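Given next are the chains, with one letter for each unit.
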Amino acid sequence: MQEPVPQPDLQGVRPSLVQLTHFIYGLHAIAVLVGITSAATVAGGFVFGLPSLCAVFLNYLKRSEVNGTWLESHFRWQIRTFWFTFLGLVFYGLLVITIIGIPLAWILIAVLGLWVAYRVIRGWIALFGVKPIDN
């Protein structure tokens, strides 16, 4: 007789919300991959790409359902990653329009891309471990 596979303790959270959070991280990861494999930058693909825009829309749409749970930290992590990346791109744009700032802008866009990838990976690993993510 085969033993049942133990299910992780989701700490009172509906499994569908955990699956949704995995889906959202997947959308963000797709946006990062598009940025890596195309002419777009990672940060640009992340903020302006359709996968991340859909992901952030889902974050805001379902945020009230995860309030007070460990998933709330993941939603906050995902939303903050999106908006801080957006702000970084605004700063990048301001640097690019100056001749002196262009070298700094290229460094910023590279660092911003690495930061976005780090945030997606770190958050997703914490979700797989059924843990909240520290901000």
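Residues numbered from 1 in each chain as written. Predicted model: local features only at pLDDT ≥ 70, side-chain atom pairs only at ≥ 80, totals over all residues. Heavy atoms only, no water.

**Student:** Could you give an account of the packing of aromatic side chains, with specific residues and numbers?
**Tutor:** This structure, assessed with the given rule, holds 5 aromatic pairs. Between the aromatic rings of Tyr25 and Trp124, the centroid separation amounts to 6.2 Å while the plane-to-plane angle is 20 degrees, which identifies the pairing as stacked. With Tyr25 in helix α1 (residues 15-37) and Trp124 in helix α5 (residues 102-128), this pair connects stretches of sequence that are 99 residues apart. The exposure class assigned to Tyr25 is buried, which follows from its relative accessible area of 1%. (Phe/Tyr/Trp six-rings, centres within 6.5 Å; stacked < 30°, edge-to-face > 60°. Helix = DSSP H or I, 4+ residues; strand = E, 2+ residues; numbered from the N terminus. Buried < 20%, exposed > 50% of the residue type's maximum accessible area, 1.4 Å probe, protein only.)

**Student:** Which residues make up empty space enclosed by the protein, and what values go with them?
**Tutor:** Throughout the structure, instances matching the rule amount to 1 cavity of 30 Å³ or more. Estimates place the volume of the largest cavity at around 30 Å³. At the level of secondary structure, the elements contributing two or more residues to the lining of the largest cavity comprise α1, α4 (71-96) and α5. Sorting elements by how many residues they give to the lining of the largest cavity places α4 first, with 3 residues. Grouping the constituent residues of the lining of the largest cavity by class yields 4 nonpolar, 3 polar and 1 charged. (1 Å grid on protein atoms, 1.4 Å probe; cavity = no way out; pocket = protein on both sides within 12 Å on 5 of 7 lines; lining within 4 Å. Points joined across faces, edges and corners; volume = space filled by probe spheres on them. Nonpolar A, V, L, I, M, F, W, Y, C, P; charged D, E, K, R; others polar.)

**Student:** Can you tell me about the pattern of salt bridges, naming the residues and giving the values?
**Tutor:** A full pass over the atoms with the stated rule returns 2 salt bridges. Glu65 serves as the salt-bridge partner of Arg14, at 2.8 Å between the closest nitrogen and oxygen. Taken together, the residues Arg14 in the segment before α1 and Glu65 in helix α3 (residues 50-66) connect sequence positions 51 residues apart. For Glu65, a relative accessible area of 31% corresponds to the partly exposed category. Note that Glu65 and Lys62 form a salt bridge whose closest N and O atoms lie 3.2 Å from each other. Remark: Lys62 and Glu65 occur in helix α3; sequence separation between them is 3 residues, near one turn of the helix. (Salt bridge = Lys/Arg side-chain N within 4 Å of Asp/Glu carboxyl O.)

**Student:** Any details on the packing of α1 against α4? Residues and values, ideally.
**Tutor:** For the pair α1 and α4, interaxial distance at closest approach is 11 Å and the crossing angle is 20 degrees. Between α1 and α4, the angle is such that the two are roughly parallel. Seen from above, α1 lies across α4 with left-handed handedness. In contact with Leu17, Val18, Leu20, Thr21, Ile24, Tyr25 and His28 of α1, α4 contributes Leu71, His74, Phe75, Trp77 and Gln78. Among the residues forming the contact of α1 with α4, the class breakdown is 8 nonpolar, 4 polar and no charged. (Axes fitted to C-alpha atoms, helices over the stretch in contact; angles between N-to-C directions. Parallel < 35°, antiparallel > 145°, perpendicular 65-115°, else oblique. Left-handed = near helix turned anticlockwise from the far one by under 90°. Contact = heavy atoms within 4.5 Å.)

So, to be careful, I would describe these as geometric facts and stop short of saying anything about function.
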